[in-house]
Amino acid sequence: MNEGCIPTKTLLRSAEVVHLVSARAHEFGVRGVDPNAITFDLAAAVARKDAIIRGIIDGIYRALKRNKNITFITGRAELTSPVDIRVDGRNFSADKIILAVGSQPALTNIPGLDEAGYIANDEA
């Protein structure tokens, strides 16, 4: 599941906090922290990010499902006309259709990129 840049921002914020603690903990009144012994628990940061995303998605889905004017359908969709859509082989008609299609990185063919190494938002 890819929810745009939310995971990247959340993990980058976690990294920023680690930096702040290691470089400036004393400014915030933190005592007893050895800057050379600070560690980063990636699994905990990823779990935090996943919980934030789950909360956002669950909130959106709950709001959509509560609205009696919205029919919420999941699946592979194809617009067949300006007012018709086919979702997993089932046909629907509506005056207004919203497709929440998700996203994935579009990699550009840049000479040397593969050799240099790169990360997209999912890896970040």
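Residues numbered from 1 in each chain as written. Predicted model: local features only at pLDDT ≥ 70, side-chain atom pairs only at ≥ 80, totals over all residues. Heavy atoms only, no water.

> So what's going on with the overall build of the protein? Residues and values would help.
Of the regular secondary structure elements, the protein holds 3 helices and 3 strands. Seen in sequence order, the protein has helices and strands lined up from the N terminus as α-α-β-β-β-α. Taking all 124 residues of the protein together, 12% fall into the buried category. Accessible area of the protein: about 9900 Å², with a carbon and sulfur share of 55%. (Helix = DSSP H or I, 4+ residues; strand = E, 2+ residues; numbered from the N terminus. Buried < 20%, exposed > 50% of the residue type's maximum accessible area, 1.4 Å probe, protein only. Areas by Shrake-Rupley, 256 points an atom, 1.4 Å probe, with all protein chains shown as cover.)

> Please provide a residue-by-residue account of the pattern of salt bridges, values included.
In total, this model carries 3 salt bridges according to the counting rule given. Linking Arg-13 and Glu-16 is a salt bridge whose minimum nitrogen-to-oxygen distance equals 2.8 Å. Remark: Glu-16 and Arg-13 occur in helix α1 (residues 6–24); sequence separation between them is 3 residues, near one turn of the helix. We classify Arg-13 as partly exposed; its relative accessible area is 41%. Taking the shortest distance from any N to any O, the salt bridge between Glu-78 and Arg-86 comes out at 3.6 Å. (Salt bridge = Lys/Arg side-chain N within 4 Å of Asp/Glu carboxyl O.)

> Tell me about the side chain of Thr-10, and please be specific about residues and values.
In this structure, Thr-10 sits in helix α1. Residue classification places Thr-10 among the buried residues on the basis of a relative accessible area of 10%. Those residues within four positions of Thr-10 in sequence are excluded, and the remaining contacts are Arg-48, Lys-49 and Ile-52. (Contact = heavy atoms within 4.5 Å.)

> I'd like a description of helix α2 (residues 42–66), backed by residues and values.
When the terminal C-alpha atoms of α2 are compared, their 36 Å separation across 25 residues agrees well with the 36 Å that a helix rising 1.5 Å per residue should span. Buried within α2 are the following residues: Ala-45, Lys-49, Ile-53 and Ile-57. (Expected span 1.5 Å × (residues − 1).)

> Could you give an account of the environment of Gln-104, with specific residues and numbers?
Within the secondary structure, Gln-104 sits in the loop between β3 (90–93) and α3 (113–116). Residue Gln-104 is classed as exposed on the basis of its relative accessible area, which comes to 67%. Linking Gln-104 and Ala-120, residues 16 residues apart in sequence, is a C-alpha distance of 9.2 Å.

> I'd like a rundown of a nonpolar patch on the surface, residues and numbers included.
A cluster of nonpolar residues, Ile-52, Ile-56, Ile-60, Tyr-61, Ile-70 and Phe-72, forms a patch on the protein surface that exposes about 460 Å² of accessible area. Inspection of the secondary structure puts Tyr-61 in helix α2. Owing to a relative accessible area of 36%, Tyr-61 belongs among the partly exposed residues under this scheme. (Patch = residues over 30% accessible without salt bridge, like charges linked within 9 Å, V, L, I, M, F, W, Y side chains within 5 Å.)

> A description of the sheet that holds strand β1 (residues 77–81) should follow, citing residues and the corresponding values.
Strand order in this open sheet of 3 strands is β1-β2-β3, and the pairing throughout is antiparallel. Since the sheet does not close on itself, it has two edges, and those belong to β1 and β3, each with one partner. Mean inter-strand twist for the sheet, computed between neighbouring axes without regard to direction, equals 30°. (Pairing = 2+ DSSP bridges. Axes fitted to C-alpha atoms, helices over the stretch in contact; angles between N-to-C directions.)

> So what's going on with the side chain of Ser-14? Which residues, and what values?
Counting through the fold element by element, Ser-14 comes out in helix α1. With residues up to four places along the chain from it excluded, the contact list for Ser-14 reads Phe-40, Ala-45 and Arg-48.

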